[in-house]
Structure formats: structure tokens, C-alpha cells
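# Structural description and commentary
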Amino acid sequence: MNKNSSNTMALAPNTSNKRETVCIFGTGDFGRALGHKMIQSGYPVVYGSRSTQISNLIPKDAEVLGHAEAAQKAAIIIIAIQRQHYNFLTPLAEVLRGKVLVDISNNLKLNQYPESNAEHLAQLLPGSRVVKAFNTVSAWALQSGTLDASRQVFVCGDDVEAKQMVMNIVRALGLTPLDKGSLLAAQEIENYPLQLFPMWKFPIFLSLGLTAFFFLYCVVLDIIYTYIYEKKDFSFFIAITIPNRVCPVMALILLALVYLPGIFAAIIQLYRGTKYRRFPDWLDKWMLCRKQLGLIALAFASLHAVFTLVTPLRAFASWRTGKGIISQALNNKTEPLDHTNAWLSDSYLALGILGFFLFVLLGITSLPSVSNNVNWREFRFVQSKLGYLALILCTAHTLVYGGKWFLSPSAYKWYLPNIYILSLIVPCAVLVVKFVLVFPCIDKRLTQIRQGWERNPKYSKQSNYIINKSAV
């Protein structure tokens, strides 16, 4: 196996007893934490600093020298200082010529400068080999050793050999390097730590918007309508009853929205007759945030389960039960058991329990610690096959519970359908179209397309030529 391959992942640090010396410019929090981690991994570390006095904060086995003297002792120099202080490196241009400079800086704002910090450093020191790395790892993570959330290190640079040297250090520290290409990718890497839940924005805003809509919809039908026409004050429904109606509706709709982009993708591929053309941007973005939509749906389903469990403890539930008992006693009449309602009640509860179980299973397998331990076929089976089964069970749960309102005129207050009727539109549409797509005559052609078959190969070759030419 080629030892220089960037795709080779070391399972353990280099077994060689002697490692190359690494120089770190900067004795701030990150510089000290990184130096301490490197010493633990067997790297001799020398700090370049304005003050050569040893501080108690400096790792015990590290050496502290002036910048020029420290740079002469190492081939790899980590620049652990902010961009505004780069100017002091200019007089050291000759000493740093040919050295590998690792820029680890971040900015305070997205796209704060026209060019990335790493590109700016390369312009200041054209004789050095600049690599961007370590900016996605925090000093706290290095010090505490809890690296599960920040184990991945993005690396980019124009010099392949220099980039490989840095990636070897990353692996030796127990981290996972990810080659992002040339130094042109540095700005994207520097923007990454500044983004606040970038993949969660659309799912969160969509969920908040739908939740507000359905909550107000229920307030209008269950509180305002009842107060106007029946002179009853059910304003306390806002606390538990309405949330317990909105949460299952949101869970079901969001779960359907997880699988709806896959339906659109299949239809587009069947229409085009090829898989070698990009999906529309809106569909690409939608497919990338399916995991987040599913986790939010699971949160709503969990809230629904909790609200349902506390429902019998409410004063309104106790009052209604007591009222029914007193009414039967006064009339000296016992209501017989309605076996139809008993079957419906037990059925929708059983369907809800099974659906929620599969919901939780989908959420667990989406965790990186779990998904990394299953192969692609197992992951696809859970997320696709069991996912659709969960959607079927949850849809059936809602149909059994709210289906009686479809043909009941009293359910259409102000000619508006019940919230459960609205909740079934998207999941039923997804399941119907999916049922059509699994027909052998359609599924066979879709499978062929996804395996590389094309209806019009000539168009595909021309398209690929244009894509490859633009990439060059």
C-alpha cells in the first residue's frame, strides 16, 4: 500500500519513537492546548514567543525561544495567532522560506475579509508552504479529551507534500483529517465554525411556522368558535389539549416531509431518464436536511407521548369522568360497552405505540456513534424500509383516531376541516406515490437508472463533458 496516500487512515499514531519537532508561534489558549496534546503524542514542541521566559501555563516539556530561533528548529510551524498580528512574520521571511506554515486562525464574522486568513498568510510569505488546519477544533476539546463532537479536522493547501505532513500530525493526535483540496477552500473552512446550526435553519423555521399555524388554527376552532356559538370558556385548552393536538400533527407531517424529497427525486430521475444530472437546488437543500427534519419530528412525537400520559391527571378529565358517572347514577342507567369504539381505541393506541417505537429507532440510528457502526445496507434498511413502516403506522394511527370526523358535518366548524384531516394530506400523498413507484414496471426502470442506465446517453456524455470542462 502506498504510504503517501492521503486516503490511508492510521488507526494509531506512528509507531516511530522519534518524531519531527513542531514549532508553535503563539502561547495563547489554543497554542498551549495543542502543544500539550502534541507532547502527549510524542512530538518535541518548541514555542516561538516574544518573551522567552518559561510560564507555568506552558506545557512542562516544551521549549520556549524567540521566533527566529524556534523556526530554525522545525520544518512545520503552527501559526496560533490572529490575522491582525501576521505582520511580524514579514521580517522572518527568509527563515520561514520552505517551511510548512499551518494557519489555525478564525475570524469574528463570516467573510470578514476579501480573502481567507490562510491566503493572506501565503501572500505575505510567498516562499513558505501554507496549510489551513485545526481551526475547527477547540482548545477545550484538546484539553479535556472529549473529542467526539470535534474529531474531524478540515485540511487544505496547495502543496500536496506539506498537506500530507499536516494530516499525519492530525492522525497522530487521534483526530480525523479531511482533505478539502487547495487553499481556495480556506475561506469556507474558516466560515464553518462561525455558522450557527447551518443545516438546522430551514427545519427549525419550517417547524416554528407550521406549529404557529396549527396552534392558532386550533385556538380558532376549539376556543373562539366554542365561546361564540356555545358560550363555553375552554381557554385552558391552550395549556395541554391544543399542544397535544399540534404535536402529533407536526410529528406526522415532518416525518412525511423526510421522505417526500426522495419521491420528488425518483420522479425527476424517471422523467429525465438519467441520474447524471443535478437535482434543482431547492431539492438538494431539502434532501440535505432530512435528518434534522426527522429529529424534530421525533421531538414532537415524544412531547405528544408525554402530554398523552398526563391527560388523565387533568382536572377537566376528572370532571368529565365524574360527570358521566353521576349522569348514569341519576338516570339509573348503565351505558353498555361499545365494542366498536373499544376496538378503535385499542387499535389506534397500538398503532401509535408501534409507530413511536420505530420513530425512536430511526432517531437512534441517525446518531453518528450508531450509524458509523452499521454498514450502508443496514442503515438504508432502517432509514428507508423501517422509516416508511413508521410513516404507515403513524398515518394509520391518525386515520383510526380522526377518521370519524371526515364525514361528520359537526367537525367542519366555519367550514374548516379538523386539524387531523389536514395532517393526513402530506403523508397520504407520500404513501400513495410511493406505492405507485414500487410497482415492478416502474421500480425496475428506476433501479436501472440508479445503476447507470440512461435513456439518452448522448446527452449525458455532452453534459458530463461540459461539467468536467468547467471543473478544470
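That block above? That's the structure.
Parameters at a glance
Residue positions are counted from 1 within each chain, in the order its sequence is given. In keeping with the model being predicted, local features are shown solely for residues with a pLDDT of at least 70 and side-chain atom pairs are shown and tallied solely at 80 or more, while totals for entire chains, interfaces and linings include all residues. Side-chain figures throughout are based on the complete set of non-hydrogen atoms in the structure, without hydrogens or water. Helix and strand labels come from DSSP, where a helix needs a run of H or I of at least four residues and a strand needs a run of E of at least two; each type is numbered from the N terminus. Contact criterion: two residues are considered in contact whenever any of their non-hydrogen atoms come within 4.5 Å of each other. Where accessible areas are quoted, they stem from the Shrake-Rupley method and a 1.4 Å probe; at the residue level, only the protein chains shown are allowed to cover. Two residue types count as positive, namely Lys and Arg, and two as negative, namely Asp and Glu; His and chain ends fall outside the count. For the purpose of locating charges, the reference atoms are NZ of Lys, CZ of Arg, CG of Asp and CD of Glu. Residues belong to one nonpolar core when they are buried, are Ala, Val, Leu, Ile, Met, Phe, Trp, Tyr or Cys, and are joined through side-chain atoms within 4.5 Å. Only protein chains enter the area calculation, which uses a 1.4 Å probe; residues under 20% of their type maximum are buried, those over 50% are exposed, and those in between are partly exposed. Helix axes are fitted to C-alpha atoms over the stretch in contact, other axes to C-alpha atoms as well, and angles between N-to-C directions run from 0 to 180 degrees. An angle counts as roughly parallel when it lies under 35 degrees, as roughly antiparallel when it exceeds 145, as roughly perpendicular when it falls between 65 and 115, and as oblique in every other case. Handedness of a crossing follows from how the near helix is turned relative to the far one, being left-handed for an anticlockwise turn of less than a right angle and right-handed for a clockwise one. The classification used treats Ala, Val, Leu, Ile, Met, Phe, Trp, Tyr, Cys and Pro as nonpolar, Asp, Glu, Lys and Arg as charged, and all other residues, Gly among them, as polar. Whether two aromatic rings pair depends on their centres lying within 6.5 Å, for rings of Phe, Tyr and Trp, where Trp uses its six-membered ring; planes under 30 degrees apart make the pair stacked, over 60 edge-to-face, and the rest tilted. Any Lys NZ or Arg CZ that is within 6 Å of a ring centre and within 35 degrees of that ring's normal is treated as a charge sitting over the ring.

Helix and strand content of the chain: 18 helices and eight strands. For the chain, the spread of C-alpha atoms along the three principal axes comes to 100 × 65 × 40 Å. Of the contacts formed within the chain by residues at least 6 apart in sequence, a portion of 70% connects residues at least 24 apart. Of the roughly 27,500 Å² that the chain leaves accessible, carbon and sulfur atoms contribute 61%. Placing the 46 positive and 27 negative side-chain charges of the chain at their respective mean positions leaves the two points 7 Å apart.

L254, F359, L391 and V430 are the most contacted members of the largest nonpolar core, which totals 55 residues. Looking at this core, the elements with two or more residues in it are helix 7 (201–230), helix 8 (241–272), helix 9 (281–288), helix 10 (290–310), helix 12 (339–365), helix 14 (376–402), helix 15 (419–423) and helix 16 (425–437). Looking at which element gives the most residues to this core, the answer is helix 8, with 19 residues. The contact partners of L391, leaving out residues within four places of it in the chain, are L252, L255, A256, P427, V430 and L431.

A few words now on the packing of helix 7 against helix 8. Where helix 7 meets helix 8, the axes come as close as 10 Å, and the angle between the chain directions of the two elements is 140°. Judged on the interaxial angle alone, helix 8 and helix 7 are oblique. As for how helix 7 packs across helix 8, the hand of that crossing is right-handed. When helix 7 is examined against helix 8, the residues L206, S207, L210, T211, F214, F215, C218, V219, D222 and I223 are found in contact with a partner set consisting of I242, P243, R245, V246, V249, M250, I253, L254 and L257. Broken down by class, the residue content of the contact of helix 7 with helix 8 amounts to 15 nonpolar, two polar and two charged.

Using the criterion set out here, one finds 18 aromatic pairs in the structure. Ring centres of F236 and F237 lie 5.1 Å apart, and the angle between their planes is 90°; on these two criteria the pair is classed as edge-to-face. Overall, the relative accessible area of 38% leaves F236 in the partly exposed class. The exposure class assigned to F237 is buried, which follows from its relative accessible area of 7%. Its end group placed over the ring of F154, K180 keeps NZ or CZ at 5.1 Å from the ring centre. The cationic tip of R445 hangs over the ring face of W453; the distance from NZ or CZ to the ring centre is 4.3 Å.

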